[in-house]
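Chain by chain, the residues run as shown.
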Amino acid sequence: VFQLSIQGLLKAMLPTQVDCEQMTAFETLSARRSTAENQTYLMSPLASQRPRLFAFKLGTLILNPQGSRGLSGLKNLLETLTLSRKECESLLRWQALSPQLLKLFEVDGPVERFHLFRQAQEDIYGLVLLARLWLAQAKVQGSEDLLDELLIQWQDPDNQIAHPRQWLDGHELIKELKLRPGPGIGQLLLAIQEAQACGKVGDKSEALAYARTLSLE
């Protein structure tokens, strides 16, 4: 059913170039690397009668690691298709965030991973699937081990890189450090979470001390 539906969409996309081999590679990868978490992610609904899997299979046809169409070009393409708003948003997110994940193959660290998790949230599953697909096709170079580590971290609710605990909120920072409200408060909170990812902050008192040091710089 998915295959026939996507083939119907292709009629609207022509003469846009699509990568049919990439979809075939995804089918092979799905059979080899299927997990309960991936299935839960892919089968959750994005449209009234279609799971996320439908949008992802379409993504295997039109997304690529180079983002050659650009987000504006991809958005224009999606507007010609019969997709729900959530399906379009998912396809745009996968394309927009893929370079951030692929960059980890070159520069990997706790802060870089933290920012990826923060922006991707549960879409980390889709991004990892795309990265595995592009690795299998030799479209990118990198390590499967890194992708495995990302999923392990995301699936651990106590991991301070993927799920940093919020020791302080903006009101507490303003009160404790006698700061003025403004964008700087959000920047301080983000800096605290980056420090947590690096293991520099482990409780509320350390978070407050770290924020105080930064506020004096």
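As a reminder, the structure under discussion sits directly above these lines.
Presented here is an overview of the structure given in this document.

Conventions we followed
Residue indices begin from 1 for each chain and proceed along its sequence in written order. Given that the model is predicted, a residue must reach a pLDDT of at least 70 before its local features are reported, and side-chain atom pairs must reach 80 or more before they are shown or counted; all residues, however, enter totals for whole chains, interfaces and linings. By convention in this description, side-chain values take in all heavy atoms of the structure and omit both hydrogens and water. Only DSSP runs of H or I reaching four residues or more are called helices, and only runs of E reaching two or more are called strands; each is numbered from the N terminus. For each residue, the accessible area found with a 1.4 Å probe, counting protein chains only, is set against the maximum for its type, and the residue is called buried under 20%, exposed over 50%, and partly exposed in between. The contact definition used throughout considers only heavy atoms, calling two residues in contact when any of these lie within 4.5 Å. Surface accessibility follows the Shrake-Rupley procedure with a 1.4 Å probe radius. Residue values consider only the protein chains on display as shielding. Helix span, expected: 1.5 Å multiplied by one less than the number of residues in the helix. The reported arc concerns the directions from the helix axis to the C-beta atoms and nothing else. A pairing counts as a salt bridge when a side-chain nitrogen of Lys or Arg comes within 4 Å of a carboxyl oxygen of Asp or Glu.

**As for the overall build of the protein chain**
Next, step 1: From N to C terminus, the protein chain includes 12 helices and 2 strands.
Next, step 2: Mapped from its N terminus to its C terminus, the protein chain presents α and β elements in the order α-α-α-β-β-α-α-α-α-α-α-α-α-α.
Next, step 3: Dimensions along the principal axes, computed over C-alpha positions, put the protein chain at roughly 60 × 35 × 30 Å.
Next, step 4: In the protein chain, buried positions account for 43% of the 217 residues.
Next, step 5: Intrachain contacts of the protein chain at a sequence separation of at least 6 include 67% that bridge at least 24 residues.
Next, step 6: Summed over its atoms, the accessible surface of the protein chain is roughly 11,700 Å², and 52% of this surface lies on carbon and sulfur atoms.

**A look at helix α2 (residues 20–32)**
Next, step 1: Counted at 1.5 Å a residue, the expected span for α2 with its 13 residues is 18 Å, and the 19 Å between its end C-alpha atoms agrees.
Next, step 2: Within α2, burial applies to Q22, M23, F26 and L29. Seen along its axis, α2 keeps its buried residues to an arc of 120°; they face one direction. Opposite its buried face, α2 presents the exposed residues E21, T24, T28, A31 and R32, each directed more than 90 degrees away.

**A look at the pattern of salt bridges**
Next, step 1: For the structure on display, the rule yields 10 salt bridges.
Next, step 2: Taking the shortest distance from any N to any O, the salt bridge between E89 and R85 comes out at 2.9 Å. In this pair, E89 and R85 are both assigned in helix α6 (residues 85–103), 4 residues apart and thus about one turn of the helix distant.
Next, step 3: Exposure remark for R85: the relative accessible area of 55% places this residue in the exposed category.
Next, step 4: Between K103 and E106 there is a salt bridge whose closest N-O contact spans 3.3 Å.
Next, step 5: Take K103: its relative accessible area is 45%, and that puts it in the partly exposed class.
Next, step 6: A residue is classified by how much of its surface remains accessible, and E106, at 62% relative accessible area, is exposed.
Next, step 7: Residues joined by salt bridges that share partners form a network here, namely D108, R113 and E149.

**A look at helix α12 (residues 204–216)**
Next, step 1: The end-to-end C-alpha distance of α12 is 19 Å, a good match for the 18 Å that 13 residues give at a rise of 1.5 Å each.
Next, step 2: Looking at the packing, one finds that the buried side of α12 touches α10 (170–177) and α11 (183–197).

No statement about biological role is implied by the geometric values presented.
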